[in-house]
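Spelled out, the chains give:
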Amino acid sequence: MKLSIRTVSAMAALIALIAAGLSYWAGEQIIMAGKGGGDAREATFKSYRITQSLKSLAAGYELTMNEFYSTVLAFPAYQKKSAAQRIAIERELAALATLQEGGAATVAELTRLYKEMDSFRLGLESAMTSADKDWDRAREALFKMNVLSTQAIHQADSLGQSASERATALDMHWQTYQSHSLLLLRITTALALLAGSMLLFGALRLGRAPA
C-alpha cells in the first residue's frame, strides 16, 4: 500500500517533533550533568585542600609548642604565633564541616583532637610560665600534644584520601551520565535526518504527481 503525501508529511512531522523533544531533554541532561559534576568535584576538591591545610597546621602547631618548650620562642612571640594557628585551624574545621559528606564522624574526631591539644597547650603554658618552671609537667603536656598531633594528621590524611577518591568516582559517574546524554543527542540527530528525508521524499513525489 502506497503512502500518501499527507501521511508521509504527518509521519515526518511526528518524528521531527519527537526528535525536537528528545534533543531538548538531552541538552538539559548534559547541562545538569556538567553543573552537577562541577559542583561535586568542587566540593570534594575543597575538602581535599582543607584536609591538606589541616595537616600542615597540625604540624606547625606542634612545632610552635616544641619551640616554646625549648625556649626558642619567647612567651609573647609564642602567644601571637599559636593564636594565629588556632584561628586558622578553627576556620578550616568550620569550612570542612560545611563541605564534607560522609565524613562527619572524622570531622568530629578532628575537632575533638584539636580541642584536646588545646587543653594540653594550656598545661604547657602554665608549667613554662610559673615562677619555677615545672619541666616534668611541661614535658608530659608536650608529649601528649605530639601524640594528638600525629593522630590529627593521620585523620586529616585519611579524610583527604577519601575526598580524592570520591572526586574521582564522581567524575566517572558524571562522565558516564554525560555520554548517555550525548548518545541520545545522536539518536535525535538520526531521527531529524529521517524526518528530513521523508519530507524530501514527499516533496519529490509531489513534484512528480500529474497536474
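Overview of the structure.

### Quick look at the environment of Met 145
Then, number 1: Examined against the element boundaries, Met 145 turns out to sit in helix H4 (residues 135-208).
Then, number 2: Taking relative accessible area as the criterion, Met 145 reaches 1% and is therefore assigned buried.
Then, number 3: Considered as a pair, Met 145 and Met 65 are 80 residues apart in the sequence and their alpha carbons are 8.4 Å apart.

### A closer look at the nonpolar core
Then, number 1: Formed by 30 residues in total, the largest nonpolar core has its most connected members in Leu 54, Met 65, Ile 89, Leu 96, Leu 110, Tyr 114 and Leu 124.
Then, number 2: Once residues lying within four places of it in the same chain are set aside, the contact partners of Leu 96 are Ser 47, Ile 50, Thr 51, Leu 54, Val 107, Leu 110 and Leu 159.

### Some points on the environment of Asp 134
Then, number 1: As for its position among the elements, Asp 134 is in the loop between helix H3 (104-129) and H4.
Then, number 2: Sequence spacing of Asp 134 and Leu 124 is ten residues, and the spatial spacing of their C-alpha atoms is 9.0 Å.
Then, number 3: Side-chain polar atoms of Asp 134 contact the backbone nitrogen of Arg 137, separated by 3.1 Å.

### Let's talk about the packing of aromatic side chains
To describe a pair of aromatic rings, you give the distance between the ring centres and the angle between the ring planes.
Then, number 1: Across all of its chains, the model carries four aromatic pairs by this definition.
Then, number 2: Look at Phe 68 and Phe 75: their rings are 5.7 Å apart centre to centre, the planes differ by 40°, and that puts the pair in the tilted class.
Then, number 3: Its relative accessible area of 5% is what places Phe 68 among the buried residues.
Then, number 4: The exposure class assigned to Phe 75 is partly exposed, which follows from its relative accessible area of 28%.
Then, number 5: Here a set of aromatic residues connected by ring pairs shows up, and it is made of Phe 68, Phe 75 and Tyr 78.

### Notes on the layout of surface pockets
Then, number 1: The space that makes up the largest pocket amounts to roughly 180 Å³.
Then, number 2: Elements that contribute at least two residues to the lining of the largest pocket include exactly helix H2 (75-99) and H3.
Then, number 3: Among the residues making up the lining of the largest pocket, the classes are represented as four nonpolar, one polar and four charged.

The rules behind these values
- Residues numbered from 1 in each chain as written.
- Predicted model: local features only at pLDDT ≥ 70, side-chain atom pairs only at ≥ 80, totals over all residues.
- Heavy atoms only, no water.
- Helix = DSSP H or I, 4+ residues; strand = E, 2+ residues; numbered from the N terminus.
- Buried < 20%, exposed > 50% of the residue type's maximum accessible area, 1.4 Å probe, protein only.
- Core = buried A, V, L, I, M, F, W, Y, C linked by side-chain atoms within 4.5 Å.
- Contact = heavy atoms within 4.5 Å.
- Polar contact = N/O pair within 3.5 Å; in protein donor to acceptor, adjacent residues only side chain to side chain.
- Phe/Tyr/Trp six-rings, centres within 6.5 Å; stacked < 30°, edge-to-face > 60°.
- 1 Å grid on protein atoms, 1.4 Å probe; cavity = no way out; pocket = protein on both sides within 12 Å on 5 of 7 lines; lining within 4 Å.
- Points joined across faces, edges and corners; volume = space filled by probe spheres on them.
- Nonpolar A, V, L, I, M, F, W, Y, C, P; charged D, E, K, R; others polar.

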